[in-house]
Amino acid sequence: MSHTVVMIPGDGIGPEVSRAVRLILAAADAPLEFVEHHAGEAALAAGHNELLPKETVEAIRQYKYALKGPCTTPVGGGFRSVNVALRKTLKLYAAVRPVRSLPGVKTRYENVDLVIVRENTEGLYSGVENDITDGVVCSMKVATRPACHRIAMWAFRYATHRQRTKITAFHKANIMKMSDGMFIEESRKVHERDYPNIKYNEMIIDAACMRLVQDPTQFDILLCENLYGDIVSDLCAGMVGGLGATPGANFGDTEAVFEAVHGSAPDIAGQDKANPLALLMSATMMLNHIHTSEADEACAKAALKIKNAYNSALHDGKTTGDLGGELGTEGFAQAVIERLNG
Ligand code: NAI
């Protein structure tokens, strides 16, 4: 049995890391078939007249799974984020980002094993910004009770399935008493009513960041609203080797889009420097998700084979420059492929 997956190469380093990951998936006999669709600047370059073509969204609705490269969003002016639009359109409300220490990758920290669960559809990402008067602008932070509730439910359900023991909600409800207040209120409610066996605590985000860098091993699952989840994801990525080594996934109730935490990295695009590991790890998350959803053992088998192979490459120091190695994007892909069967 083969599963059709929408491949969105994206912008900047997206096409190079996507190509590398597809080579590895094919070499590992992952039971996947890809249909390629575009989003971002790549969609315009491919002749579409919109950044998020309807065909791309419809294809994800049809096939349920997508593997996505990063899409550029201009800073300041210009178009609004395609990534945010995709998450909102498909109601991919839960972003999950596992952050783990990797074999052979030396950092300041050992034994990091965290999962960030990020609310993906509202907060300051509502995109509601107004000119109030000359020199005064207002960006609106939106929180709705159903969205706060469903992300809390998702996090506790995830904790239960993954045998995780503790959830910490990051917030700033001392200042944003209503929006962040509602976020922790719903988290607390879900904990007390449905999941009393999972440990739960709350931490003000600034102090939580200090504690994270002092000792990340005191945390397990970090439950964050949208912006905090975005920032904390990069902070945690830095603990285990950086953005080249941190995968992610966006889940809705039916569709799931797997993408690395990193962006399009224009500073290194087209130079064979990008680390494809983060997207590769996202692809293994996808294989495991398909295995769980459709009981296809071949997906779990391919995921394990790939994980063992990239761990072995890392262990042998066969890495890209961001992790201290000398390989390029393609060289790393080859190093993983060589280790798939042994
Ligand atoms: P970035 O993640 O693209 O890059 C930050 C730094 O990390 C850069 O020095 C880059 O070279 C390095 N880096 C990132 N990924 C790497 C990889 N795989 N291997 C080696 N080094 C890597 O973040 P930045 O510069 O803030 O954003 C660039 C663009 O990406 C922006 O337009 C931003 O909006 C977009 N972006 C898109 C995301 C998505 O599609 N999900 C997520 C984050 C940013």
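Everything below is about the structure printed above this text.
Predicted model, so just to flag it, every value in this text is computed and none were measured. (Residues numbered from 1 in each chain as written. Predicted model: local features only at pLDDT ≥ 70, side-chain atom pairs only at ≥ 80, totals over all residues. Heavy atoms only, no water.)

Draft legend 1. Structural detail: the site of the ligand. By nearness alone, 22 residues border the ligand, and Cys71, Thr73, Gly263, Ala265 and Asn275 come closest of all. For the ligand, an oxygen atom lies 2.8 Å from a polar atom in the backbone of Thr73. Note that a nitrogen atom of the ligand is positioned 3.1 Å from one of the side-chain N or O atoms of Glu259. Considered on its own, the ligand offers 810 Å² of accessible surface; in the complex 70% of this is hidden by protein. For the shell around the ligand, a count of residues per class yields nine nonpolar, eight polar and five charged. (Near = heavy atom within 4 Å. Polar contact = N/O pair within 3.5 Å; in protein donor to acceptor, adjacent residues only side chain to side chain. Areas by Shrake-Rupley, 256 points an atom, 1.4 Å probe, with all protein chains shown as cover. Nonpolar A, V, L, I, M, F, W, Y, C, P; charged D, E, K, R; others polar.)

Draft legend 2. Fine view of the sheet that holds strand β10 (residues 221-224). A sheet is described by the order of its strands in space; here 10 strands give the open sequence β2-β1-β3-β12-β11-β4-β5-β10-β8-β9, paired in mixed fashion. This sheet does not close on itself; its edge strands, each paired only once, are β2 (32-36) and β9 (199-204). Averaged over all pairs of adjacent strands, the angle between strand axes in this sheet comes to 25°, irrespective of strand direction. Taken together, the four bridges between strand β3 (residues 65-68) and strand β12 (residues 256-259) define a ladder with parallel strand orientation. When the bridges of β12 are listed, Ala66 appears paired with Val257. The sheet strands contacting helix α7 (residues 205-214) are β5 (113-119), β8 (166-171), β9 and β10, and the helix crosses β9 at an angle near 110°. (Pairing = 2+ DSSP bridges. Helix = DSSP H or I, 4+ residues; strand = E, 2+ residues; numbered from the N terminus. Axes fitted to C-alpha atoms, helices over the stretch in contact; angles between N-to-C directions. Contact = heavy atoms within 4.5 Å.)

Draft legend 3. Spotlight on the packing of aromatic side chains. This structure, assessed with the given rule, holds six aromatic pairs. Centre to centre, the rings of Trp154 and Phe251 are 5.4 Å apart; their planes meet at 25°, and the pair counts as stacked. Of the two residues, Trp154 is situated in helix α5 (residues 145-161) and Phe251 in strand β11 (residues 249-251); the sequence distance between them amounts to 97 residues. Note on accessibility: Trp154 and Phe251 belong to one class, buried. Ring geometry for Phe156 versus Tyr195: centroids 5.5 Å apart, planes at 15°, classification stacked. (Phe/Tyr/Trp six-rings, centres within 6.5 Å; stacked < 30°, edge-to-face > 60°. Buried < 20%, exposed > 50% of the residue type's maximum accessible area, 1.4 Å probe, protein only.)

Don't take any of this as a statement about function, it's just geometry.
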